[in-house]
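# Coordinate analysis (summary)
Next come the chains, spelled out residue by residue.
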Amino acid sequence: MALDLMELLPADWRERLEPLLDPSATAALGDFVAREYAEQTVYPPQEDLFNAFRHCPYDKARVLILGQDPYHGPGQAHGLSFSVREGVRIPPSLRNIYKEMAADLETPVNPSGDLTPWADQGVLLLNAVLTVRAGDAGSHANKGWEDFTDAAIRALNDKSDRVVFVLWGAYARKKARLITGVQHTVIESAHPSPLSAKKFFGTKPFSAVNKALADAGEPEIDWSTAAE
């Protein structure tokens, strides 16, 4: 059974991504994803696949935080990079993100790992690969998702208003080549993973994002909303 990814994508994003994608490659990706959902346990659940786009309409997107691929444990991934559902134990990378946020902004550490309030303010929480087999990190890499999500980055680059691109870690930082608009801001650092957190701590990305937005006359992100 085929899966029409473009039909599942919100209309505003579909309009922006379609001209940037090869239809046959997108169809092949849809076939692969449909087969995986039918035959394997795949995260996030299919209904959550495009949550990042659903919660962050194109016209409201002001910040991109790029992850690599979804969490591969049960009940974790729900379509937003680094985010987990309410009540799910906070994974190590997100715990380090919260530690840095608390130090940077002098805000309380978040008891919930659900970052939907960020997305609803215009933060596109996008993974480069949008699906994964249960327990098998990176299993859906190099199947076509990268071209799909690169198109989303290119579409954001086409915006005339400033977008702040947050690239954590070597994988995400390679995407800086897609960001050519002089109106945009790119914030790069080490990944918040425990393997590189020492280099991540102290980079103050949250205040840097808000400064870049304020300098462009745009409202700041209230990062603390997810901590309520």
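Quick caveat: nothing in here was measured; it's all calculated off a predicted structure.

## Description of the pattern of salt bridges
Taken as a whole, this structure holds six salt bridges when the rule is applied. In this structure, arginine 173 and glutamate 188 form a salt bridge, with 2.9 Å as the shortest nitrogen-oxygen distance. Placement of arginine 173 in helix 8 (residues 169-173) and of glutamate 188 in strand 6 (residues 185-189) is noted, with a sequence separation of 15 residues between them. Judged by relative accessible area, arginine 173 falls into the partly exposed class, the value being 37%.

## A few points about the packing of helix 5 (residues 92-105) against helix 10 (residues 205-215)
Packed helix pairs are specified by the crossing angle of their axes together with the interaxial distance, meaning the distance between the axes. Look at helix 5 against helix 10: their axes get within 7 Å of each other, and the N-to-C directions meet at 60 degrees. Considered as vectors, helix 5 and helix 10 are oriented oblique to each other. Judged by residue contacts, Ile97, Glu100, Met101, Asp104 and Leu105 of helix 5 engage Pro205, Phe206 and Ser207 from helix 10. Of the residues assigned to the contact of helix 5 with helix 10, the class counts are five nonpolar, one polar and two charged.

## Thoughts on the packing of aromatic side chains
Evaluation of the coordinates by the stated rule reveals 13 aromatic pairs. Ring plane angle 70 degrees and centroid distance 4.9 Å describe the contact between tryptophan 13 and phenylalanine 53, whose orientation is recorded as edge-to-face. Taken together, the positions of tryptophan 13 in helix 2 (residues 11-17) and phenylalanine 53 in helix 4 (residues 51-55) put the pair 40 residues apart, joining distant regions of the chain. Judged by its relative accessible area of 0%, tryptophan 13 is buried. Note on phenylalanine 53: relative accessible area 1%, which makes it buried. Each ring, one from tryptophan 13 and one from tyrosine 58, has its centre 5.2 Å from the other, and the planes form 90 degrees; the classification is edge-to-face. Of the two residues, tryptophan 13 is situated in helix 2 and tyrosine 58 in the loop between helix 4 and strand 2 (63-67); the sequence distance between them amounts to 45 residues. Put simply, the rings of Phe82, Trp118, Trp168, Phe200, Phe201, Phe206 and Trp223 touch in pairs and so form one group of aromatic residues. Positioned over the ring face of tyrosine 58 is lysine 159, at 5.0 Å from the centre of the ring.

Analysis parameters
Residues numbered from 1 in each chain as written. Predicted model: local features only at pLDDT ≥ 70, side-chain atom pairs only at ≥ 80, totals over all residues. Heavy atoms only, no water. Salt bridge = Lys/Arg side-chain N within 4 Å of Asp/Glu carboxyl O. Helix = DSSP H or I, 4+ residues; strand = E, 2+ residues; numbered from the N terminus. Buried < 20%, exposed > 50% of the residue type's maximum accessible area, 1.4 Å probe, protein only. Axes fitted to C-alpha atoms, helices over the stretch in contact; angles between N-to-C directions. Parallel < 35°, antiparallel > 145°, perpendicular 65-115°, else oblique. Contact = heavy atoms within 4.5 Å. Nonpolar A, V, L, I, M, F, W, Y, C, P; charged D, E, K, R; others polar. Phe/Tyr/Trp six-rings, centres within 6.5 Å; stacked < 30°, edge-to-face > 60°. Lys NZ or Arg CZ within 6 Å of the ring centre and 35° of its normal.

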